[in-house]
Amino acid sequence: MESTTPQKDRDGLCFFGQISAAISHDLKNVLAIINEDAGLMQDYLLMANQGMEINPDKLGEIAGKILIQIKRGDSIIKNMNRFAHSVDLPECEVDYRELTLLVVSLLTRIASRKSVTISIAESDPVKGKGDPFVIQMLIAKCLEICIDSAGKDNELNIEFSNEAGNSAIKIIGLSNPVPADQLSGLEKNAVNVGASLGFSPQDKILIIKF
Amino acid sequence: MAEKVLLVDDEKEFVEGLAERMELRGMNVTACTNPQEALDKVDAESFDAIVLDLQMPGIDGIEALKHIKKTRPEMQVILLSGHATVEKGIEAMKLGAMDFVEKPADINVLTDKIKKAQAKKMIIVEEKTKEKVEEIIKQKGW
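Caption draft 1: Spatial organisation of the interface of chain A and chain B. Across the boundary between the two partners, chain A contributes 24 residues, which contact 21 residues of chain B. Between chain A and chain B lies a buried interface of about 2100 Å² when both sides are counted; carbon and sulfur atoms form 48% of it. When the area that chain A buries against chain B is broken down by residue, the three leading residues are Lys28(A), Glu36(A) and Arg113(A), summing to 31%. The tally of links from chain A across to chain B stands at nine salt bridges. For Arg113(A), the salt bridge is made with Asp60(B), and the minimal N-O distance between the two is 3.9 Å. Along the contact surface separating chain A from chain B lie twelve residue pairs in polar contact (both at pLDDT 80 or more). Looking at the side of chain A that touches chain B, the elements with two or more residues in it are helix H1 (5-49), helix H2 (56-85) and helix H4 (108-113) of chain A.

See below:
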């Protein structure tokens, strides 16, 4: 049965929620590290007030760690901002590589919880027209299933191609077969985005074609 | 007596900062960023309190908690999370966690909970020792 519009809206909302939850978790970790480092600095200053000598290098080291976390937090928020703005236009020119890079950054925590690493091949921009939000949703759903298929301590590689107006994202490194129900769910999602899927179990590859 | 604490979180910088602050407060801290390594340490030695992150690669906090409560029920677990949901907290408490703390944690609150964990563990160990002694006395018929 075809997805109804309310169901599509709900799927989109769930995806937005899932990504927002992952972002909030990452930001909480950044704040937790800053909290400990700032607290440590305060501990040392309290001890200095009581007459203990503080090594300036130690304070410099802690301040450096705080600055690193601020940069990390800033990059998470930049990604969050780009993701939030991806709902602005229902159709525009998109760069599939850029969108994939963003999705992979947003899914890093999910992949790392399952001990899977994702690498992205160098390539020129791979451009086309489409709805950035639903394209990201399709890439994310495909990646999540591929992460499960790759299994613990394995690596997924992503490659791009753009030939004769056809753009493709190739996810390489699947280990276990993708369950049929998941694959048909993905295919429905792909149709909604105006894309198609190719799955090659023997080559352990999933291809999204736009 | 210094509290013996095992601190487990995959965020290395977080573990290092918190461990140093705990040590400045007189605690004896073992820090660990790998959950499997943490479980091996739990099997090998005793801790007054285990401060455990809820979400880690490979083994999550709930799984680790189940393992600890099965193998070393006297050890007290305080779960830490940046993803505090009521459901996870309730699940953790049902599984035997002593407490649940949201990140970023207040060091004074955490220290207080660790001291309570040490006291609770001592009571459990004392009771166990008493039971053992009573069992030996019964068997020997003294």
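Caption draft 2: Structural view of the environment of Ala111(A). Residues and elements named next belong to chain A. Mapped onto the elements, Ala 111 comes out in helix H4. Once the C-alpha coordinates of Ala 111 and Asp 148 are considered, the two residues, 37 residues apart in sequence, prove to be 8.9 Å apart. Setting aside its immediate chain neighbours within four residues, Ala 111 contacts Val 116, Ile 118 and Ile 147.

Caption draft 3: Here's a closer look at the sheet that holds strand S7 (residues 205-209) of chain A. Residue and element names in this part refer to chain A. On the basis of which strands lie adjacent, the open sheet formed by five strands has the order S2-S4-S5-S7-S6 and mixed pairing. Two strands bound the open sheet, and with one partner strand each, they are strand S2 (117-120) and strand S6 (196-200). The mean angle between the axes of side-by-side strands here comes to 20 degrees, regardless of whether they run parallel or antiparallel. Of the strand pairs in this sheet, strand S4 (residues 155-163) and strand S5 (residues 166-172) are connected by seven bridges, and their pairing is antiparallel. When the sheet's bridge partners are listed, Glu 163 is paired in S5 with Asn 166. Sitting on the sheet, helix H6 (residues 180-193) touches S6 and S7, and the angle it makes with S6 is about 150 degrees.

Caption draft 4: Representation of unusual backbone geometry in the model. The peptide bond linking Lys103(B) to Pro104(B) adopts the cis configuration, its omega dihedral lying at -10 degrees. Of note, Pro104(B) is situated in the loop between strand S5 (99-102) and helix H5 (107-140). For Ser115(A), which is not glycine, the phi torsion reads 55 degrees and is therefore positive. Secondary-structure assignment places Ser115(A) in the loop between H4 and S2. Of note, Asp153(A) is a non-glycine position whose phi angle comes to about 65 degrees, a positive value. Within the secondary structure layout, Asp153(A) lies in the loop between helix H5 (132-150) and S4.

Caption draft 5: Local environment of the nonpolar core. Residue and element names in this part refer to chain A. The biggest cluster of nonpolar side chains holds 53 residues, and the ones touching the most others in it are Leu 143, Leu 156 and Ile 208. Among the elements that make up this core, the one with the highest residue count is H5 (twelve residues). Beyond its immediate stretch of four places on either side in the chain, Ile 208 contacts Leu 138, Ile 139, Cys 142, Ser 167, Ala 168, Ile 169, Ala 195, Ser 196 and Leu 197.

Caption draft 6: Layout of the packing of H2(A) against helix H3 (residues 96-106) of chain A. Residues and elements named next belong to chain A. With their axes 10 Å apart at the nearest point, H2 and H3 run at an angle of 125 degrees to one another. As summarised for this structure, H2 and H3 are arranged oblique, according to the angle between their axes. Crossing angle aside, the handedness with which H2 passes H3 is left-handed. Along its contact with H2, which presents Asn 79, Arg 82 and Phe 83, the element H3 presents Glu 98, Leu 102, Ser 105 and Leu 106. Classifying every residue of the contact of H2 with H3 gives three nonpolar, two polar and two charged.

Caption draft 7: View of the environment of Ile33(A). Along the polypeptide, Ile33(A) turns up in helix H1. With 36 residues separating them in the primary sequence, Ile33(A) and Gln69(A) have C-alpha atoms 7.3 Å apart. Setting aside anything within four residues of it in sequence, one finds Ile33(A) in contact with Gln69(A), Arg72(A), Glu11(B), Glu13(B) and Phe14(B).

Caption draft 8: Spatial organisation of the sheet that holds strand S1 (residues 4-8) of chain B. Residue and element names in this part refer to chain B. Across the sheet, which stays open at both edges, the five strands sit in the order S2-S1-S3-S4-S5 with parallel pairing between neighbours. Of all the strands in the sheet, the pair left with one neighbour each is strand S2 (28-32) and S5. Shown here is a sheet whose adjacent strand axes are inclined to one another by a mean of 20 degrees, direction ignored. Direction of pairing for S1 relative to S2: parallel, over a ladder of five bridges. Bridge pairing in S2 places Leu 6 opposite Thr 30. Sheet strands touched by helix H1 (residues 12-24): S1, S2, strand S3 (49-53) and strand S4 (76-81). Its angle to S2, the strand with the most contacts, is close to 175 degrees.

Caption draft 9: Layout of the packing of aromatic side chains. Residues and elements named next belong to chain A. Overall, the coordinates contain six aromatic pairs over all chains when judged by the stated rule. Centroid distance Phe 15 to Phe 133: 5.7 Å. Interplanar angle 55 degrees. Geometry classified as tilted. Here Phe 15 is found in helix H1, whereas its partner Phe 133 is found in helix H5, with 118 residues between them in sequence. Here Phe 15 matches Phe 133 in class, with each residue buried. Arranged with centres 6.1 Å apart and planes meeting at 45 degrees, the rings of Phe 83 and Phe 133 form a pair that is tilted. One end of the pair, Phe 83, is in helix H2; the other, Phe 133, is in helix H5, and 50 residues separate them in sequence. There is no split in this pair, since Phe 83 and Phe 133 are both buried.

The rules behind the values
- Residues numbered from 1 in each chain as written.
- Chains lettered and ligands numbered in written order.
- Predicted model: local features only at pLDDT ≥ 70, side-chain atom pairs only at ≥ 80, totals over all residues.
- Heavy atoms only, no water.
- Contact = heavy atoms within 4.5 Å.
- Buried area = accessible area lost by both parts, 1.4 Å probe.
- Salt bridge = Lys/Arg side-chain N within 4 Å of Asp/Glu carboxyl O.
- Polar contact = N/O pair within 3.5 Å; in protein donor to acceptor, adjacent residues only side chain to side chain.
- Helix = DSSP H or I, 4+ residues; strand = E, 2+ residues; numbered from the N terminus.
- Pairing = 2+ DSSP bridges.
- Axes fitted to C-alpha atoms, helices over the stretch in contact; angles between N-to-C directions.
- Core = buried A, V, L, I, M, F, W, Y, C linked by side-chain atoms within 4.5 Å.
- Buried < 20%, exposed > 50% of the residue type's maximum accessible area, 1.4 Å probe, protein only.
- Parallel < 35°, antiparallel > 145°, perpendicular 65-115°, else oblique.
- Left-handed = near helix turned anticlockwise from the far one by under 90°.
- Nonpolar A, V, L, I, M, F, W, Y, C, P; charged D, E, K, R; others polar.
- Phe/Tyr/Trp six-rings, centres within 6.5 Å; stacked < 30°, edge-to-face > 60°.

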